[in-house]
Amino acid sequence: MSRSPGLKMRNVVPFLAFFLTLNALAEGKLNKIEEDNWQELLTGEWMVEFFAPWCPACRGLQPTWEDFAGWSEDLDIGIGQVDVTTSPGLSGRFMVTALPTIFHVKDGVFRQYRGARDKDSFISFVEDKKWTGVEPISSWKSPDSLQMSLVSYFFKLSMVLRNVHTTLTEDYQMPYWVSYVAFAVATILLGGILGLILVCCIDCVYPPRRDDELHHHVQQATRADKKDSDAEEEDEVEELEGSQDEGEEDQDTQDENLSQDEGENSQDEGNSQDEASQNSQEEGSQDESENYRSENKSRRRRARKAD
């Protein structure tokens, strides 16, 4: 049974692209960037493409990228290519979420290229320094930072797990659920081990207290509580005594006021008695004078009658 011409062309294009890539690499124009040599990008000027052999868009860009690599000497830049299937750590380090992805690098400063994907646009972007108008990647997302290094290790781990899954399901012909159960058990065990390590580290940094030390601290705490309670009781007693003293003082002041009032009343009574006696004396003297006058008048009348 003969195959159609279109199917034959589909099979030929990937091999042709792969052959052209090998040819460019042999001429030294297209640099293959991997986990071991990616730090070469931190010096000089570079244009780097992230691709995957199974990506149709990457296959379509491959001839253009190879032609652009022929201009590397004229532009005085390095042109590289990263295969994310063989270098998954670099895809995590650069946070590659779509393929193909192109970066421009100048002395360790990374910028993502978002222009047209043809040879003339690439040449103009470098030759006319259009990259100066592109915002650099922030420092916390820089590929050479510590946090992005950790992200790259996670990407490597994911690729390892994927390879294990492929090996179990394809090479050993195991069902998918067996692979999933194995990963679940491994995750639980790994979590338990990490938790145990964390507890041991905490015990080393903050060792647990001994019983005698704990008892000593409890005694000190109880003594402090007793002292506080005694001080509170003393304060309460002082307050009660103060209130009693105030009550006695109030009673004394009340008694003094009463005695003063009684004295004033007695003085008023004495004054009234004196006044009454004075009035009676005055009345007696007036009566005597009137009697004396009446006697004189009677004597005079008697003398007149005798005459």
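Note on numbering: residues in each chain are counted from 1, in written sequence order. Reporting in this predicted model follows two pLDDT cut-offs: at least 70 for local features of residues, and 80 or more for side-chain atom pairs to be given and counted; totals over whole chains, interfaces and linings ignore these cut-offs and use all residues. Side-chain metrics in this entry use all non-hydrogen atoms of the structure; hydrogen atoms and water are not considered.

(A) The arrangement of unusual backbone geometry in detail. The residue after L99, namely P100, is reached through a cis peptide bond having omega -5 degrees. Note that P100 resides in the loop between α4 (88–93) and β4 (101–106). Backbone geometry at D107 places phi at a positive 55 degrees, although glycine is not the residue there. In this description a helix means any DSSP run of H or I spanning at least four residues, a strand means any run of E spanning at least two, and both kinds are numbered starting from the N terminus. Position of D107 relative to the elements: it lies in the loop between β4 and β5 (109–113). Here the phi dihedral of Q173 falls at roughly 55 degrees; this positive angle occurs in a residue that is not glycine. You can see Q173 is positioned in the loop between α6 (146–171) and α7 (176–205).

(B) Structural context of the sheet that holds strand β3 (residues 78–83). By the convention used here, strands pair only if DSSP detects at least 2 bridges between them. Within the open sheet, the five strands sit side by side as β1-β3-β2-β4-β5. Their pairing is mixed. Each having just a single partner strand, β1 (31–33) and β5 make up the two edges of the open sheet. Between one strand and the next, the sheet's axes are offset by a mean angle of 30 degrees, whatever the strand orientation. Bridging between strand β2 (residues 45–51) and β3 involves six bridges; their strand directions are parallel. Between N-to-C directions, angles span 0 to 180 degrees; the directions come from axes that are lines fitted to C-alpha atoms, helices contributing only their stretch in contact.

(C) Fine view of the packing of helix α2 (residues 56–69) against helix α5 (residues 119–127). Viewed as axis vectors pointing N to C, α2 and α5 meet at an angle of 40 degrees, and their least axial separation amounts to 9 Å. As summarised for this structure, α2 and α5 are arranged oblique, according to the angle between their axes. Of the two possible hands of crossing, α2 and α5 adopt the one that is right-handed. For the pair α2 and α5, the contacting residues are L61, T64, W65, D67 and F68 in the first and K119, F122, I123 and V126 in the second. Any angle that is under 35 degrees is reported as roughly parallel, and any over 145 degrees as roughly antiparallel; angles of 65 to 115 degrees are reported as roughly perpendicular and all others as oblique. Crossing chirality is assigned from the near helix's rotation relative to the far helix, an anticlockwise turn below a right angle marking it left-handed and a clockwise turn marking it right-handed. The contact definition used throughout considers only heavy atoms, calling two residues in contact when any of these lie within 4.5 Å.

(D) Examining the state of the cysteines more closely. In this description, the term disulfide denotes a pair of cysteine sulfurs within 2.5 Å. By the definition in use, this model includes zero disulfides. Between C55, a cysteine without a disulfide, and C58, which holds the nearest cysteine sulfur, the sulfur-to-sulfur distance is 3.0 Å. Type-normalised accessible area, obtained with a 1.4 Å probe on protein chains alone, sets the label of each residue: buried when under 20%, exposed when over 50%, and partly exposed for intermediate values. Given a relative accessible area of 5%, C55 falls into the buried group.

(E) Just the environment of G80, in detail. Note that G80 resides in strand β3. On the accessibility criterion, G80 (0% relative accessible area) is buried. Taking the C-alpha atoms as reference points, G80 and K29, separated by 51 residues in sequence, lie 8.6 Å from one another. Setting aside anything within four residues of it in sequence, one finds G80 in contact with L30, N31, I33, W46, M47, V48, E49 and W65.

(F) Main features of the packing of aromatic side chains. Ring geometry is summarised as follows: Phe, Tyr and Trp rings, the Trp one being its six-membered ring, pair when their centres sit within 6.5 Å, and such pairs are stacked at plane angles under 30 degrees, edge-to-face over 60 and tilted between the two. Scanning all chains against the criterion turns up 10 aromatic pairs. Taking the centre distance of 4.9 Å and the plane angle of 80 degrees together, the rings of Y113 and F125 count as edge-to-face. Of this pair, Y113 sits in strand β5 while F125 sits in helix α5, placing them 12 residues apart in sequence. Among the residues examined, Y113 registers a relative accessible area of 6% and is labelled buried.

(G) A look at α6. Multiply 1.5 Å by the residue count of a helix minus one, and that product is the helix's expected span. In a regular helix each residue adds 1.5 Å, so 26 residues correspond to 38 Å; α6 covers 37 Å between its end C-alpha atoms and thus fits that length. Contacts made by the buried residues of α6 are with α4 and α7. Just past α6, the residue Q173 takes up positive phi, approximately 55 degrees.

(H) Inspection of the environment of V164 at higher detail. Relative to the assigned elements, V164 resides in helix α6. The partly exposed category is assigned to V164, whose relative accessible area is 36%. A C-alpha to C-alpha distance of 8.7 Å links V164 and S179, two positions 15 residues apart in sequence.

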